[in-house]
Structures are given as C-alpha cells and as structure tokens.
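# Overview (structure and organization)
The residues making up each chain are set out below.
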Amino acid sequence: MGEESLREKSLPVEEVTDEIRRLVDAMFDTMEEKDGIGLAAPQVGHNIRLFVVGIESQRFIFINPEIIETSQETCTMEEGCLSIPKIYEAVVRPSKVRVQFLNLEGKRKTIDAEGLLARVIQHENDHLNGVLFVDRLDEELREEAIERFNKKQENALKKRLQKYKRKG
Ligand code: ZN
C-alpha cells in the first residue's frame, strides 16, 4: 500500500476496461482479506477515481463517483481505515447522500444512500481527493489520533528490534 498516493487527488477513469474490472476484483479480495467494508483505488497504489464497498453480503462498485447531494442532517459514527491501522474515531458527516457513478458496464447510475452505506461512500470518496478520516476530526482529536498512531508504529518497531536482538 503506497503512502504517497494517499494524499493525491485521483484522476477520472477514462474507460471501463477489462483492466479496470480486474482491478475491482483484486480490490474486493484485498478488502475482504483485511475485513474492511470499503477500499479506494489510491489505497492500493492506483490514483484513479474508483472505490468498492462491501456491506454484509452486498457489493457496490463506484467508478468516477460524484456526491451530488448531501443531507443537512448529520450523524456521528466511529470510523477506521485500512490505511491507518488500529485508529478508530467518531466522525460527523451528513447522514444521507445521493451519488452518481459509472457501473462496471460503464453505465451512469444514481443511488440514494443512508446509514452505513452513506458513511462508507463518503469515507471512500474522500480518499479520491487525498483526504483521510483523521482530517475530519477536531484539531485536538486529530493530533491525539496521529500521536497514538505514531506511538503504535514506534512500539511495533521496538518489538521487532527486540525479537531480532533475542534471535541475534
Ligand atoms: Zn480509508
């Protein structure tokens, strides 16, 4: 999972080709392997406007998505991200969205989403614009989350080094 690609604005998919369909398959595999419910192409090193969602046994594919309407009403849900392991924070976002996108046949579709689906769509759509969920937190919470993330990385590194020392 390439780090640098997470902060870039992704480019539209020009044509829905077999290559794109293969990428979608691979993304579902990666997402399900890691017990995720959404995965955006930039998270797997492709800076194109595409993400997949899997909620319960339902699969959704969004190519060149555009959120064309959001509800005034907001809600708070805990979010995590496969690219920011082990950090979970409550994020406020609109409760409902209307999203336009292309499907795997390259046909334009529109859906109205609410609940968890609306939440995942907004989280994944942010990835296409180089935005991470921690950017949506209050400054204080955000710094705390990043600090905790860094500390976890540090501890993981220390553990690995200790193991190495014992072995060596
Ligand atoms: Zn994410």
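Residues numbered from 1 in each chain as written. Predicted model: local features only at pLDDT ≥ 70, side-chain atom pairs only at ≥ 80, totals over all residues. Heavy atoms only, no water.

## Points about the pairing of strand β7 (residues 108-114)
Bridge count between strand β6 (residues 96-102) and β7: seven bridges; the pairing is antiparallel. Across the sheet, L102 pairs through a bridge with R108, a residue of β7. Linking two consecutive strands that pair antiparallel, namely β6 and β7, is a turn of five residues; a positive phi of about 80 degrees is found at G106 within it. (Pairing = 2+ DSSP bridges. Helix = DSSP H or I, 4+ residues; strand = E, 2+ residues; numbered from the N terminus.)

## A look at helix α2 (residues 115-128)
Over its 14 residues, α2 runs 21 Å from end to end, which matches the ideal 20 Å to within 8%, given 1.5 Å per residue. Most of α2 sits inside the fold, with twelve of its 14 residues counted as buried. When α2 is considered as a whole, its buried residues turn out to be L117, A118, R119, V120, I121, Q122, H123, E124, N125, D126, H127 and L128. With its phi angle positive at about 75 degrees, G130 sits one or two positions after the end of α2. (Expected span 1.5 Å × (residues − 1). Buried < 20%, exposed > 50% of the residue type's maximum accessible area, 1.4 Å probe, protein only.)

## Concerning the coordination of the zinc ion
Protein-derived coordination of the zinc ion comes from C81 (SG), H123 (NE2) and H127 (NE2), at a distance range of 2.0 to 2.2 Å. Donor residues for the zinc ion sit on one chain with the sequence pattern C-x41-H-x3-H. With a gap of four residues between them, H123 and H127 both fall in helix α2, about one helical turn apart. Of the two residues, H123 and H127, neither departs from the other in class, the shared state being buried. (Donors = N, O, S within 2.8 Å, 3.2 Å for Na, K, Ca; no water.)

## A short note on the nonpolar core
Considering soluble globular proteins, one finds that nonpolar side chains tend to be buried as a cluster. Counting residues in hydrophobic clusters, the biggest one holds 16 residues, and the most contacted among them are I20, L50, V52 and I63. When contributions to this core are tallied by element, the ones reaching two or more residues are α1 (18-33), β2 (50-55) and β3 (58-70). Dropping the residues within four chain positions of it, V52 is found in contact with V24, M27, F28, M31, I37, G38, L39, F60 and I61. Grouped together as the second largest cluster of nonpolar side chains are 15 residues, F60, V97, F101 and A113 included. (Core = buried A, V, L, I, M, F, W, Y, C linked by side-chain atoms within 4.5 Å. Contact = heavy atoms within 4.5 Å.)

## Looking at the state of the cysteines
By the definition in use, this model includes zero disulfides. For C75, which is in no disulfide, the shortest distance to another cysteine sulfur is to C81 and amounts to 18 Å. Residue class for C75 comes out partly exposed when judged on its relative accessible area of 24%. Given a relative accessible area of 10%, C81 falls into the buried group. (Disulfide = S-S within 2.5 Å.)

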